[in-house]
Amino acid sequence: MNLSDAVKSIIKPHEKDTLTPLSTIFGERLDKSNILSEYPRPQMVRQSCISLNGSWDYAITGDSKAPARYEGHILVPFSPEAALSGVGRQLGPDEYLWYRRTLPVDESALHAGKRLLLHFGAVDYLCTLFVNGHKALTHEGGYLPFEADITPFLLPEDNELILRVQDFTETRSQSRGKQTLKRGGIFYTAQSGIWQSVWMEWVPCAYIHKLTVQADYDTRKVTLDLSIRSHMAEESPAPLTACAFFDGRALASGELVFSANSSALPAKSRAAAPMKNSAAPNILHASLELSVPEEDFHPWSPENPSLYDLTVSFGADQVTSYFALRCFSIEKQDGIPFFCLNHKPYFLMGVLDQGYWPDGLYTAPSDEALIYDITAMKELGFNMLRKHIKVESARWYYHCDRLGMIVCQDMVNGGSAYHMPVISYLPTLFPRLSSHLKDSHYAALSRKDKAARIQWEKECLETVDALAHFPCIAIWVPFNEGWGQFDTRRITELVRSRDKTRLIDSASGWFDQDCGDFVSVHNYFRPLAVTVKKWENRAFFLSEYGGFACHIQDHSSVDRIFGYKRFDTLGQFRAAYHDLIQKSLLPLRKQGLSGAVFTQLSDVEEEVNGILTYDRKINKLKD
């Protein structure tokens, strides 16, 4: 073990530092009148989207009473801590962040009886929505999308939308990822409030509320599970139709017919329940199955990311979507378990992706910026990204789907203040001992708060549901390095029961509880090795390694260097990287290594172990 490098990696807070302002070319090209205007939910697209990104009024107050006046303007969806927001201020845990704007309302749509849905991609952390002074919704959780039907609160003239937000970060046990109010080392500037797109759309009185697509690689069957909401007082028979396409050519279709007075009338399949006459909203759950002909079978892989298009219509409502045929599994070859894609051993050449930007923090400045990170890693030979302790915008996963990039998805960690000697330093020094710590010791792993454990569990399952659509996601990671880890065996089975189509890395790094699909190890300071035994049923996964630091003047947030092994020049960095990959990593494949995740995609603040600089202007591995 390289003890000197390990000692240098001890985390120290530097919250009083002033970070050197950095900007990406994407932020520099930002058009404030056209911010992230692409449809935010590519897995379920309508044509009636109205973007609400742009300038909103904002205020920060010390209590929950609405402000008498607003302080200025904030550029949504950038958080107030982000430079691109135009605010540049940290929200305190005892403060309230307020947003206000007027809503454009189509009076003809309102008079026609349509419904207006208001969507938020993500708001960190606790928020309450008011429409024309009426409380419309309260939402807890900083990483997942939510919506509100605001039709009952609308007026035919101007409508006022107000959002009140609180964010406690690490002062409570909420899920927070790498955010901290005491920035330093591997923990970064906290952000708050709206940080993903806000939009609204008009829908008919009866509309498709949810669409889940489950594609079975082995049977070539595609199952559409739908939730339909109806606000019509009287129902007339309404068809639900679906059609799958490949390269613009229809290849499979199906239909259901719903009636107010009978069960769904079978066409090629059958619905779960009838629609009823009621002025109150009815919710109908339906399922429809399509079969992909063998001659139209196109498996998805990073090398050939084949996607099928899908159109679903119900009455006057229509949405478009897509799906892919692929499967992920652990299968043995010569007695050794390996990760398999479409039943063939497939080596996961991965890189850690934190999803931070110097000018937008959690929010990428543009769709082009999201694409850049993915394509830059593909060009270097990576086929997998580990989305680390963050849930991305839906468009990021969509780009991974269409460009061909497998995703290992972390859940967002939480818990009270972490005991770093217990969960970081001791496991680094004595890795064999870490597996003996049982995660029922809630205090040691910062999980004494029962209510916070329940909330995390809820958000964990909501994350699985929210991201279940995206074919690129292969692995769920409930816990990382003991940060708020608890009841790992039970949580693993809970996630598996929710999604049987993906694999689970139950405890990435250490504190293994002998469950899940991987023996998962982080190794920054020792020679790389495989410790899995041939009779293990779990594949060996080097879920973090590398951490090579190289500070680039004028492209770093601070002059201080944080990383696990330091290099003074790009030449040294490149030589060390190529030696590590060719001489130490790749030879381990024959010994049972299924995948490895290099740290990391980009620098983040003082952590300069990225392949890309924080501003994305230099690729350290390219001349």
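Everything that follows concerns the structure shown earlier in this document.
Our subject in this report is the structure included herewith. (Residues numbered from 1 in each chain as written. Predicted model: local features only at pLDDT ≥ 70, side-chain atom pairs only at ≥ 80, totals over all residues. Heavy atoms only, no water.)

**Concerning the packing of helix H8 (residues 450-467) against helix H9 (residues 488-498)**
- For the pair H8 and H9, the least separation of the axes is 10 Å and the interaxial angle reads 30 degrees. The orientation of H8 with respect to H9, classified from their angle, is roughly parallel. The handedness of the crossing between H8 and H9 comes out as right-handed. For the pair formed by H8 and H9, the contact residues are Trp456, Glu457, Cys460, Leu461, Val464 and Asp465 on the first element and Arg490, Ile491, Leu494, Val495 and Arg498 on the second.
- For the contact of H8 with H9, the per-class residue count stands at seven nonpolar, no polar and four charged. (Axes fitted to C-alpha atoms, helices over the stretch in contact; angles between N-to-C directions. Helix = DSSP H or I, 4+ residues; strand = E, 2+ residues; numbered from the N terminus. Parallel < 35°, antiparallel > 145°, perpendicular 65-115°, else oblique. Left-handed = near helix turned anticlockwise from the far one by under 90°. Contact = heavy atoms within 4.5 Å. Nonpolar A, V, L, I, M, F, W, Y, C, P; charged D, E, K, R; others polar.)

**A word on the environment of Ile454**
- On the secondary structure map, Ile454 appears in helix H8.
- Classification of Ile454 as exposed rests on a relative accessible area of 51%.
- Placed 139 residues apart in sequence, Ile454 and Leu593 show a C-alpha to C-alpha distance of 35 Å. (Buried < 20%, exposed > 50% of the residue type's maximum accessible area, 1.4 Å probe, protein only.)

**What to know about helix H4 (residues 367-379)**
- The terminal C-alpha atoms of H4 lie 19 Å apart, and with 13 residues this matches the ideal 18 Å at 1.5 Å per residue to within 8%.
- For H4, the full list of buried residues reads Asp367, Ala369, Leu370, Asp373, Ile374, Ala376 and Met377.
- In the core, the buried residues of H4 are packed alongside helix H2 (25-28), strand E26 (348-353), strand E27 (384-387) and helix H5 (394-403).
- Backbone geometry just after H4 places Gly381 at a positive phi near 100 degrees. (Expected span 1.5 Å × (residues − 1).)

**Observations regarding the packing of H4 against H5**
- Interaxial distance between H4 and H5 falls to 10 Å at its minimum, and their mutual angle equals 40 degrees. Comparing the axis directions of H4 and H5 gives the class oblique. The two elements H4 and H5 cross, and the hand of that crossing is right-handed. Residues Asp367, Leu370, Ile371, Ile374, Thr375 and Lys378 of H4 form the contact with H5, whose participating residues are Arg395, Trp396, His399, Cys400, Arg402 and Leu403.
- Split by residue class, the contact of H4 with H5 holds six nonpolar, two polar and four charged.

**Digging into a nonpolar patch on the surface**
- Residues Leu426, Leu429, Phe430 and Leu433 make up a contiguous nonpolar surface patch of roughly 380 Å² in combined accessible area.
- Along the polypeptide, Leu429 turns up in helix H6 (residues 420-429). (Patch = residues over 30% accessible without salt bridge, like charges linked within 9 Å, V, L, I, M, F, W, Y side chains within 5 Å. Areas by Shrake-Rupley, 256 points an atom, 1.4 Å probe, with all protein chains shown as cover. Salt bridge = Lys/Arg side-chain N within 4 Å of Asp/Glu carboxyl O.)

**Looking at the sheet that holds strand E15 (residues 206-216)**
- Spatially, E15-E16-E20 is the arrangement adopted by the three strands of the open sheet, whose pairing is antiparallel. The strands lining the two open edges of the sheet, one partner per strand, are E15 and strand E20 (282-291). Neighbour to neighbour, the strand axes of the sheet diverge by 15 degrees on average, direction disregarded.
- By the bridge criterion, ten bridges tie strand E16 (residues 221-230) to E20 in an arrangement that is antiparallel. (Pairing = 2+ DSSP bridges.)

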